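Below are the chains, spelled out letter by letter.
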Amino acid sequence: MRLVGAASVAVLIVGGLAVKLAYLQMTDGAILAGMARDNTLHRIILEADRGIIYDRHGAALVTNSAIWSLEVVRAGLPFEARARTAELAELARITGEPEEKLAATLVAADPYASVRIGPDLSQAQQLAINERLPVLAGVSMVQRGVRTYVDPLVFGHVVGYVGPLNEADLKRLRPLGYQPGEVVGKVGIEAGLETVLRGQNGWTDVEMDARGQIVRTVGVQPPTTGHSVYLSLDADLQRATSQALAAGLVRDHKTAGASVVVDPRTGEVLSLVSLPGYDTNLFTHGISQTDYSGLLNNPDRPLLNRAIAGQYAPGSTFKMVTATAALEEGKITASTMLSCPSFINVNGWIYHNWASYSLGWMNVAKALATSCDTFFYQVAAMVGDVTLAKYARAFGFGQAQSLEMPGVMPGLVPDRIWKQLQCGVPDLNSDACRWNTGDTITFGIGQSYLLTTPLNQAVYVAALANSGQTMRPTLVHEVRDASGRVVQTQHPEVTGSVPASAANLMTVREGMRQEINPPYNMNYWFRAAGVPADGGGKTGTAQWGGSGLDLPTHAWFVFFAPYAQPEVAMSVFVERGELSEVQAAPIAVQLMRFYRDHVAAIRS
Amino acid sequence: MLAALGLMTVFSAHADWGRQVLWVILGAGGYAAAASFDYRRLRSLALGLYAGMILILLAVHLVGHTALGARRWLSVAGFPLEPSELSKLLLVVVLAAYLSRGERISWRMFGGSLLLVAPPACLILTQPDLGTTIVFVGVLFGMLFLAGASAWQLFSLVFAGGVALPLLPYLLHGYQRRRLEVFLDPTQDPLGAGYNLMQARIAVGSGGLFGQGWLHGLQGQLGFVPERATDFVFAIFAEEFGLLGSLVLLALFGTLLIRLLRAAAVSRDRFGELLAGGVFVMILVQVVENVGMNIGVLPIAGIPLPLISYGGSATIAMLAGLGLVQSVALRRRTVDEPVAELGTITRRAQA
């Protein structure tokens, strides 16, 4: 009977196994069979080449070059612990990375994904590793495209750079099909036109064995190269701008500045420079911590694109807004004569002119040409802060221009509510928070709390030159696909119109024309450079860092030319420049000379 | 027939097929020799066999080879020998001899059998070879049952096991402990400790009703199933032959097991009965544990599937064991069952 018991036990157990087996094979069979296929079928992503960025004439500003690196598929490493350890040790030796770090990287990754390890390979390393590859299971040498930027110090702030996706990027871009380890535009056009430049990744489906060896290829979808972007930038003018600005900075012992040149008729940006620049190529190869903190801690802040994101008071360059407002609101006419004393007294507060003597009576054109502060204090008081702010906004102040790159700053047009909200005192009606007459009259000469950017300044002077129409500034001329077919063309876009009559705008432009012509000193730079003073300009020496006398200043010069039918408008900015007519204006004249000499090439 | 299926599967699993054929032929010789050998003489040899078993296991500890982190092999004339496989059979013989000394199992005899099993079990556990140790314990329990041990005795053994169980994690090697943990949740480390289990389950499951066909199992052929010729041979078999094939295999094992019990039933003496019963228990435990771990109902322990898995020592020992049972059957009580039938069955197992 014990034997019978044993037999029943055996039958029961084996029967139980059979039932479980049937359940596993029949019920879970389909799912598990799918898992078996997943085990063996793998999709290898074929990264698409990124589109090239050209200037308006087709000069490449970035190229794709190939570099080699080592990649490891974890599932392909040897099974046996000892062989695996030995291979990791060898990889650590080859790449120069600590073994624990490699192991940690691999453990964290998708077991079937190729994970890049170690730095990029030199030619010699490439050859040495190639010999060892057959015995290194799961390891391959992979070529990948890397961006190499042309003249990064000149074009870097416009073109930008790409870098590997970080956590935040990945979270945001995963739905668009981005994979970990892929690169994405970080700043500049590379970031602004990421979706255009990126292209469509392809794939190949392969059957792999457990060691990561490809058994056969099941299907292929080739990648599509990203679109090429043709900028409105003229590479030569950009270089000339950069050189002229750099030379001006060196001559006056300055370290930072910016300049933007636009076509006032279309809004196309012809050059956009911010100095100092930096080597964007450092970023594409994975920047070292030393280099990066060097850039971050540099007191000249090379990573800041001053042309679009540097916010400074416009100073006297703002006076055309005040003049336009006063003329248009009927507070003055083109022939109204006001005095230009060395100071005026407002409610007991003294406001100085730049000159310590009276310049006599003058109309608004002459007040612009001589940049008489006291004239504009009086005008600003007549117009009032609310109307000034309205005209400032109409000229594009206080608005982030929709340029095709991230990081464009708006500047600031202050008003009463703004002042109350930011004054930081609980009592919003205290003296510190209330708008006062002093705020209004300094607003009239571009001080007060007003802030602008070199880009906003260019848009503003372009509007003056373009009958009061503000144009959207654009950097992209057209977009073409890999075969050269144009897929997108930029059309000029009017973003607004300054509410001012043609006659009043003409009066303002006349003041700018006078400023650069005899008898005023500014004409010296044009004569010295042999450039006809055909156009209009305005200097600005803007105080910053508080209120009072003897404050540090920034130097501005805004300019358009030719006078009759303006085709260029520009802003020049010298950070910490003391004398705009000496430090900023000559740079604009140099630029104008280059433009005149090369106008045919630039406009072709 | 089982051995033939085993050969096909081992072939599919890319193991050294030619060698396994040799093992089966040698095993067949062992079977024939054991069958013609009068099993009753073994009884007097039991003490010597026991001493030899201890010696050979000690030898493994002293001069054995190491593979996969465990010291289990001895080199004999250039052939690797895995004594723990042989020791299972020897244990059956020794226990059968010991337990057949009396008609009833006294508490003293019960304790004696425990003392008998403990030294070799410890030697094997420390190799480490958890699988064989499990077989030892299973054989001890099963043979005590067959020998007529009282319910109290069996219960105390179960109770002792229950007490020892919490201690198990401390006795086990790191990887063995991981195996137990991943058995409870294989997805927690699908590429490390849980890899074997996951891949084996996937292989078994993807076999479906009819299987992928011989040599066409994706999992097995591409090397995803580890230890595919030995411990996980059943997964390969199930993937390639499907549910029907697997059920046939289980049915063959079932038939073999029942026939072993028949041999025990017709044995002329208690020693023969316990000998056949012991072989029955040994095969049952191994089949259950092996198939169980392959389909994920039991934790993984390195146990070959009798007659199917690749491996010389196991195949020869197993066939020799069947030969002994045949010897028992041939020298049976002269009453019932005709000789011919048993002969056919055991030959089937051999072919």
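Keep in mind it's a predicted model, so treat the numbers as computed, not measured. (Residues numbered from 1 in each chain as written. Chains lettered and ligands numbered in written order. Predicted model: local features only at pLDDT ≥ 70, side-chain atom pairs only at ≥ 80, totals over all residues.)

S.K.: How should I be thinking about the nonpolar core in this particular structure?
M.R.: In a soluble, globular protein the nonpolar side chains are often hidden away together inside. One finds Val229(A), Ala458(A), Val461(A), Met570(A), Ala584(A), Ala588(A) and Leu591(A) to be the most contacted residues of the largest nonpolar core, which totals 131 residues. Those residues within four positions of Ala458(A) in sequence are excluded, and the remaining contacts are Val260(A), Val261(A), Val262(A), Ala569(A), Met570(A) and Ser571(A). (Core = buried A, V, L, I, M, F, W, Y, C linked by C-beta atoms within 7 Å. Buried ≥ 20, exposed ≤ 12 C-beta atoms within 10 Å, placed from the backbone. Contact = placed C-beta atoms within 7 Å.)

S.K.: What am I meant to see in the pairing of strand 12 (residues 269–275) of chain A here?
M.R.: Here is the key point about a regular strand: its side chains alternate between the two faces of the sheet. Residue and element names in this part refer to chain A. Burial within strand 12 is extensive, with seven of its seven residues counted as buried. Pairing between strand 11 (residues 257–262) and strand 12: six bridges, direction antiparallel. Considered in strand 12, the bridge of Val260 is made with Leu272. Turn length for the strand 11-strand 12 hairpin, with the two strands adjacent in sequence and antiparallel, is six residues, and the turn residue Gly267 shows positive phi of about 85 degrees. (Helix = DSSP H or I, 4+ residues; strand = E, 2+ residues; numbered from the N terminus. Pairing = 2+ DSSP bridges.)

S.K.: Teacher, can you tell me more about the packing of helix 13 (residues 270–294) of chain B against helix 14 (residues 312–330) of chain B here?
M.R.: When two helices pack together, their arrangement is captured by the angle between the axes and the distance separating the axes. Residues and elements named next belong to chain B. Relative orientation of the contacting elements helix 13 and helix 14 amounts to 150 degrees, with a least axis distance of 9 Å. Handedness of the crossing formed by helix 13 with helix 14: left-handed. Note on element contacts: helix 14 touches helix 13 through Gly321, Leu322, Leu324, Val325 and Val328, opposite Gly272, Leu275, Ala276, Val279 and Met282. Of the residues that constitute the contact of helix 13 with helix 14, the class distribution is eight nonpolar, two polar and no charged. (Axes fitted to C-alpha atoms, helices over the stretch in contact; angles between N-to-C directions. Left-handed = near helix turned anticlockwise from the far one by under 90°. Nonpolar A, V, L, I, M, F, W, Y, C, P; charged D, E, K, R; others polar.)

S.K.: I would appreciate a short explanation of the sheet that holds strand 19 (residues 486–489) of chain A in the present structure.
M.R.: Two modes of strand pairing occur in sheets, parallel and antiparallel, and in both the strands are linked by backbone hydrogen bonds. Residues and elements named next belong to chain A. Taken in spatial order, the four strands of this open sheet run 2-10-18-19, and their pairing is mixed. Whereas interior strands pair on both sides, the edge strands pair on one side only; in this sheet they are strand 2 (53–54) and strand 19. Two elements, strand 18 (residues 476–480) and strand 19, share three bridges in a ladder whose sense is antiparallel. Residue pairing in the sheet places Arg480 in a bridge with Val486 of strand 19.

S.K.: I tried to follow the sheet that holds strand 3 (residues 62–73) of chain A on my own but got confused; where do I start?
M.R.: Residue and element names in this part refer to chain A. Taken together, three strands build an open sheet; the order of strands is 4-3-5 and the sheet is antiparallel. The two strands at the open ends of the sheet, each matched to only one other strand, are strand 4 (114–117) and strand 5 (139–149). Sheet twist, expressed as the mean angle between neighbouring strand axes with direction ignored, is 50 degrees. Pairing of strand 3 with strand 5, which is carried by eleven bridges, proceeds in the antiparallel orientation. Counted as the bridge partner of Thr63 is Thr148 from strand 5.

S.K.: Help me understand the environment of Ser342(A), please; the structure alone is not making it clear to me.
M.R.: Residues and elements named next belong to chain A. Structurally, Ser342 can be placed in the loop between strand 13 (338–339) and strand 14 (343–346). Each C-alpha atom of the pair Ser342 and Tyr357 lies 4.9 Å from the other, and the pair is 15 residues apart in sequence. Other than its neighbours up to four places away in sequence, Ser342 contacts His352, Asn353, Ala355, Ser356, Tyr357 and Ser358.

Note that every value here comes from positions in space, so none of it alone points to a role or purpose.
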